[in-house]
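# Structural overview
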Amino acid sequence: MSSQYKVHIVEDDKTTRRLLENVTGMLGYDIKSYENGQQAWDSFRIERPQIVISDWMLPEMDGLELCRMLRESMTDSYTYFVLISAQKRSRPNLEAAINAGVDDFLKKPIGSDEIWNRLRVAERILNFNNQVKRLESLIPICCYCKKVRNDGDLWEQIEQYVNERTGADFTHSICPSCMDTHVRPQMESYKQSLKDKARSIAD
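I will try to describe carefully the structure that is included in this document. (Residues numbered from 1 in each chain as written. Predicted model: local features only at pLDDT ≥ 70, side-chain atom pairs only at ≥ 80, totals over all residues. Heavy atoms only, no water.)

Turning our eyes to something else, we now look at the pairing of strand E3 (residues 51-55). Among the five residues of E3, five are classified as buried, and the element is accordingly described as predominantly covered. Of the two faces of E3, the one carrying Ile-51, Ile-53 and Asp-55 and the one carrying Val-52 and Ser-54 are both buried. With five bridges joining them, E3 and strand E4 (residues 80-85) adopt parallel strand pairing. Considered in E4, the bridge of Ile-51 is made with Tyr-80. (Buried < 20%, exposed > 50% of the residue type's maximum accessible area, 1.4 Å probe, protein only. Helix = DSSP H or I, 4+ residues; strand = E, 2+ residues; numbered from the N terminus. Pairing = 2+ DSSP bridges.)

Right, here's the structure in full:
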């Protein structure tokens, strides 16, 4: 397990909360715990944890509302949400949880092996999500003309591509390497052609 992930535990029952803290702590996660949903939400907006393990029934804000607000606030990051519940895993309850954005479930009473298994799944999903984001961040560019393929599958100059997305304008210059490799030889060739032309006229 990797300690790079932040895990927020939201549980008002002390015994269950301590169990979750012990297991996640032993696995090397950076953990924080909360007794009610409002505390967790206030912290989440600052901390942005990658994994949340939350009870369904909580003071001030329940687990479903916490998950719902979390999903609405997400921008470029994803949080894996595990819901803990003593309620029956009925179809209406499962549908309510899924509609709120819950990723996984733990049925009370829970054991350390179950927690460990859910965290392994969470890490796999988060790692896969990060890989997809890295692939999506790659910009297709032609290795010959250096044009860039845009979202409409059309090819355009890289200056236009960047300007449309950032508003940045380009000024063109010549780097020292290209000056030596391309520009100076062309200038010398042009000078030589002028000399040759002048000689031919004199003759």
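Having seen the structure, we can now continue with the description.
As for its placement among the helices and strands, Phe-105 is situated in strand E5 (residues 104-107). A sequence separation of 50 residues divides Phe-105 from Asp-55, and the C-alpha atoms of the two residues are 9.8 Å apart.

Right, let's talk about the packing of helix H2 (residues 37-47) against helix H3 (residues 63-73) for a bit. Two elements in contact, H2 and H3, have axes whose closest approach is 10 Å; the angle formed by their N-to-C orientations is 15°. Taken as axis vectors, H2 and H3 run roughly parallel relative to one another. At the point where H2 passes H3, the crossing takes the right-handed sense. When H2 is examined against H3, the residues Gly-37, Ala-40, Trp-41 and Phe-44 are found in contact with a partner set consisting of Leu-66, Met-69, Leu-70 and Ser-73. (Axes fitted to C-alpha atoms, helices over the stretch in contact; angles between N-to-C directions. Parallel < 35°, antiparallel > 145°, perpendicular 65-115°, else oblique. Left-handed = near helix turned anticlockwise from the far one by under 90°. Contact = heavy atoms within 4.5 Å.)

Attention now goes to the pattern of salt bridges. One pass over the full model with this rule turns up twelve salt bridges. Between Asp-42 and Arg-45 there is a salt bridge, with its nearest N and O atoms 2.9 Å apart. Placement of the pair is Asp-42 and Arg-45 together in helix H2, with a separation of three residues, close to one helical turn. One salt bridge connects Lys-108 with Asp-55, and the closest N-O pair in it is separated by 3.1 Å. Linking Lys-108 in the loop between E5 and helix H5 (112-136) with Asp-55 in strand E3, this pair joins segments that are 53 residues apart in sequence. Judged by relative accessible area, which is 5%, Asp-55 ranks as buried. When salt bridges with common partners are traced through the structure, they connect Lys-6, Lys-32 and Glu-47 into a single cluster. (Salt bridge = Lys/Arg side-chain N within 4 Å of Asp/Glu carboxyl O.)

This paragraph deals with the packing of aromatic side chains. Per the counting criterion, the structure on display carries one aromatic pair. Between Trp-41 and Phe-44, the aromatic rings sit 5.8 Å apart at their centres with planes inclined by 20°, giving stacked as the arrangement. With Trp-41 and Phe-44 both in helix H2 and three residues apart, this pair spans about one turn of that helix. The exposure class assigned to Phe-44 is buried, which follows from its relative accessible area of 3%. (Phe/Tyr/Trp six-rings, centres within 6.5 Å; stacked < 30°, edge-to-face > 60°.)

With that settled, consider H3. Here H3 has its buried residues at Gly-63, Leu-64, Leu-66, Cys-67, Leu-70, Arg-71 and Ser-73. Looking at the buried residues of H3, the elements they touch are strand E1 (6-10), H2, E3, E4 and helix H4 (91-100). For H3, the side-chain oxygen to backbone nitrogen distance between the N-cap and Leu-64 is 3.1 Å, and the N-cap itself is Asp-62. (Polar contact = N/O pair within 3.5 Å; in protein donor to acceptor, adjacent residues only side chain to side chain.)

Everything listed here is a matter of geometry and, on its own, says nothing about what the molecule does.
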